[in-house]
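# Summary of the model geometry
The residues making up each chain are set out below.
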Amino acid sequence: MWWQQHLAKPLRRLHQRQCALTSKAVRVHQLHSTSTGFTDRCYDDLYPGHIHTTPIQKALLAVGSGVAALQNPYRHDMVAVLGETTGHLALINLRDRMRNDPEGYTVLTERPRIRLSTLDLSKMASLPDGSFGREYLRFLEDNHVTPDSRADVKFVDNEELAYVMQRYREVHDLLHTLLGMPTNMLGEVAVKWFEAAQTGLPMCALGAVLGPLRLNARRLQSLFTSLGPWALQNGRRSRCILSIFYERRWEQSVEDLRQELNIAPPPITLSATNKESTINNPGITGQMTFDCGQTRNI
Amino acid sequence: MAASMRLLVRRAIRLSNRNIQVTAAARAPGRSGCCWGPSSCRCLSDAAEDRSTHFGFETVPETEKAKRVYKVFENVAQKYDVMNDAMSLGIHRVWKDMLLHAMHPQPGVRLLDVAGGTGDISFRFLEYVRSQQERQKRRAARSMQTPSWQDISNNYSKEDEDGPLESRAVVCDINKEMLKVGKQKADSMGISAGLSWVVGDAEELPFDDDQFDIYTIAFGIRNVTHIDQALQEALRVLKPGGRFMCLEFSKVTNPVLARLYDAYSFQMIPVLGEVIAGDWKSYQYLVESIRKFPNQEEFKGMIEDAGFYCVQYQNLTGGVVALHSGFKL
């Protein structure tokens, strides 16, 4: 019919326009619904905060962050980057050890995070002295540190390994409590030696080697004669510290936990107020203290 | 006949229903149903409100791009100059000097430095004009070595009227952090005369028409959401005879150099950003936004479309940077 001929064309045009509209609307809709939208780059791929890097970029990052961390020890983000870019094999090793341990396997599947928001501080404060939770809280207060200052993992290209790295960072403070080491230079070096022996992370090894360079003679002596060998021995023989579900063991006593992990008590008691030597060397806050996410006022 | 008519009407209704659904999906504000015909055009304009643009290689709604660009420069402001030196190995200073050389400003000229941020162009401008003024004074002094009595009496009468020609530079930037850093730099360098700092959007400049002799925008125009609007604003605030000058990253012509440049951009620059400034993503945005910017010829066309005359460009460092220039006549 004549009206068919007259109306068919505009109808077809309208249909085309409407198709274009639909596709545009669909695209916009998808943009609004997904946070990253269509990207040619693969950011935020495997976990929130993940940045995809090529091997060349990882190598450059490792070198650059190493130099930056050595130049300015307060750049704890650079130490974090160094750890992530160099620690691939060690992380795989750690992850396998966790998998082989039943409690470690639970940690890997449940993925607990240690943050102030997840800790019940009042309950922990009410625990008896000598219990793990109470001692951990005391450690946080005495050394003025907080578990929330850990940088997020960015450059590890495996979601599970990224969690292992994050757990390692968050467990660091708990390790201080377990080993009875404060966050001054000597305590940090001792913990670094323990971690290097335990985890095999190159960043720990580097810290373990460079840390003692900033200690004075008396502390070096105590490090090499008693603290150091103790840390290395226990690091090697203890159970994997990442495999413990610390969040469920606040009530357990520290001694009990140490025995379970096969860690001998420290040969020397260092106190958090033991800072006399560090005052003589103002630059000694050095590489180690940032690990606790705090720059100490010395 | 009635049957085919009914078929047509039904088809029309179906199409109009789909239009309504599409409008709803596109979240057009407050449009109750629309029947096909004139309102289909309205539906199209609703889609335009949700138009998207590029943010690096990402696609974002236009309204969001400005916010994200603001965040990027807020984050990098403190380390901006250090990063420029590190990324370009100091060559950015040469580019900016070449811009000033092409500009060749004379004393008494008013400059508007848009996206001027940390003030590099404005400082160079004031320095150039100052040295030009000194050269002029020296020339005048040399020519006045043996004055006649007539010249001396003329000088005495001229002294009151002719002060040194005041050149003024206005640094305009949308980002307050960048301006803050620029101000600190100016204070530390002791430059204050003839310099003002204004917060403003390149797409909507807070100045009257026909105000400036020279308008520059160095490494800023690729961050603007609507480049054509920025160009029109440039035309508006320039005096007739005024010059528009734009320094911007562009397409490298040589294929070998292009490969090297790409490799360097994508491998090295984000790493430098992470190590020096602690910000990978901002510098990833930077290298991506360079790739998204139109090439030399296209940008020249855009400048001509805005209404500038005698538009020409000059490639620096093999096309890594292009200097575009146009006049308002």
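The name given to chain B in an unreviewed UniProt entry is 2-methoxy-6-polyprenyl-1, with Nibea albiflora as the source organism.

In the annotation of an unreviewed UniProt entry, the entry for chain A reads Ubiquinone biosynthesis protein COQ4-like protein, and the organism field reads Nibea albiflora.

## Considering the pairing of strand β1 (residues 52–55) of chain B
Residue and element names in this part refer to chain B. Only one face of β1 is covered, namely the one carrying T53 and F55; the face carrying S52 and H54 has none of its residues buried. Pairing of β1 with strand β2 (residues 58–61) involves four bridges; the strand directions are antiparallel. Each residue of the ladder has a partner; that of F55, found in β2, is E58. Between β1 and β2, which pair antiparallel one after the other, the connecting turn spans two residues, and G56 there sits at a positive phi close to 65 degrees.

## Examining the pairing of strand β7 (residues 238–249) of chain B
Residue and element names in this part refer to chain B. Within β7, nine of the twelve residues are buried, leaving the element largely enclosed by the surrounding structure. As judged from the six bridges shared by strand β6 (residues 212–218) and β7, these two strands associate in the parallel manner. Of the residues in β7, the one forming a bridge with I214 is R243. In terms of handedness, the path from β6 via helix α9 (residues 227–237) over to β7 forms a crossover that is right-handed.

## Some details on the packing of aromatic side chains
Here a ring pair, both rings aromatic, is described through the centre-centre distance and the interplanar angle of the planes. What the rule picks out here adds up to 16 aromatic pairs over all chains. With 4.8 Å between their ring centres and 35 degrees between their planes, F219(B) and F249(B) make a pair best called tilted. On the criterion of sequence distance, the pair formed by F219(B) in the loop between β6 and α9 and F249(B) in strand β7 is long-range, its members being 30 residues apart. Assigned by exposure class, F219(B) and F249(B) land together as buried. Among the aromatic residues, those joined into a cluster by ring pairs are F132(A), Y136(A), Y246(A) and W250(A). The ring of F245(A) has R248(A) lying over it, and the distance from NZ or CZ to the ring centre is 4.0 Å.

## Concerning the sheet that holds β7(B)
Strands pair in a sheet through their backbones, by hydrogen bonds, and they do so in one of two ways: parallel or antiparallel. Residue and element names in this part refer to chain B. A sheet is described by the order of its strands in space; here seven strands give the open sequence β5-β4-β3-β6-β7-β9-β8, paired in mixed fashion. Single-partner strands in this sheet number two, and they are β5 (195–199) and β8 (309–316). Neighbour-to-neighbour, the strand axes of this sheet turn through a mean angle of 15 degrees, independent of strand direction. Sitting on the sheet, helix α6 (residues 120–143) is in contact with β3 (110–114), β4 (168–173), β5 and β6, with an inclination near 175 degrees to β4.

## Re a positive patch on the surface
Residues and elements named next belong to chain B. Among the surface-exposed residues, R135, R138, R139 and R142 lie close enough to one another that they form a single positively charged patch. Note on placement: R139 falls in helix α6. Residue classification places R139 among the partly exposed positions, given a relative accessible area of 46%.

## Section: helix α10 (residues 255–277) of chain B
In this model, α10(B) (23 residues) spans 31 Å end to end at C-alpha, consistent with the 33 Å of a helix rising 1.5 Å per residue. Elements in contact with the buried residues of α10(B): α2 (55–71) and α3 (76–86) of chain A together with α4 (80–88), β7 and α11 (280–292) of chain B. Where α10(B) ends, the next residue or the one after it, G278(B), has phi of about 70 degrees, a positive value.

## Things to note about the environment of L127(A)
Residues and elements named next belong to chain A. Mapped onto the elements, L127 comes out in the loop between α6 (121–125) and α7 (132–143). Looking at L127, the relative accessible area reads 13%, which means it is buried. Apart from the residues within four sequence positions on either side, L127 is in contact with G133, R134, W250 and E251.

## Quick word on the packing of α3(A) against helix α10 (residues 202–210) of chain A
Residues and elements named next belong to chain A. Packing of α3 against α10 brings their axes to within 8 Å, and their N-to-C directions diverge by 130 degrees. As summarised for this structure, α3 and α10 are arranged oblique, according to the angle between their axes. Listed contacts from α10 to V79, L82, G83 and T86 of α3 are P202, M203 and L206. Its residues placed into classes, the contact of α3 with α10 shows five nonpolar, two polar and no charged.

## Focus: the environment of K65(B)
Residues and elements named next belong to chain B. Along the polypeptide, K65 turns up in helix α3 (residues 62–76). Taking the C-alpha atoms as reference points, K65 and V224, separated by 159 residues in sequence, lie 8.6 Å from one another. With near-sequence residues (within four places) excluded, K65 lies in contact with T53, H54, F55, V60, R222, N223, V224, T225 and Y285. At 3.1 Å, the side chain of K65 forms a polar contact with the backbone oxygen of H54.

Cut-off values and rules
Residues numbered from 1 in each chain as written. Chains lettered and ligands numbered in written order. Predicted model: local features only at pLDDT ≥ 70, side-chain atom pairs only at ≥ 80, totals over all residues. Heavy atoms only, no water. Buried < 20%, exposed > 50% of the residue type's maximum accessible area, 1.4 Å probe, protein only. Helix = DSSP H or I, 4+ residues; strand = E, 2+ residues; numbered from the N terminus. Pairing = 2+ DSSP bridges. Right-handed = clockwise from strand over helix to strand, strands pointing away. Phe/Tyr/Trp six-rings, centres within 6.5 Å; stacked < 30°, edge-to-face > 60°. Lys NZ or Arg CZ within 6 Å of the ring centre and 35° of its normal. Axes fitted to C-alpha atoms, helices over the stretch in contact; angles between N-to-C directions. Contact = heavy atoms within 4.5 Å. Patch = residues over 30% accessible without salt bridge, like charges linked within 9 Å, V, L, I, M, F, W, Y side chains within 5 Å. Areas by Shrake-Rupley, 256 points an atom, 1.4 Å probe, with all protein chains shown as cover. Salt bridge = Lys/Arg side-chain N within 4 Å of Asp/Glu carboxyl O. Lys, Arg positive; Asp, Glu negative; His and termini not counted. Charge placed at Lys NZ, Arg CZ, Asp CG, Glu CD. Expected span 1.5 Å × (residues − 1). Parallel < 35°, antiparallel > 145°, perpendicular 65-115°, else oblique. Nonpolar A, V, L, I, M, F, W, Y, C, P; charged D, E, K, R; others polar. Polar contact = N/O pair within 3.5 Å; in protein donor to acceptor, adjacent residues only side chain to side chain.

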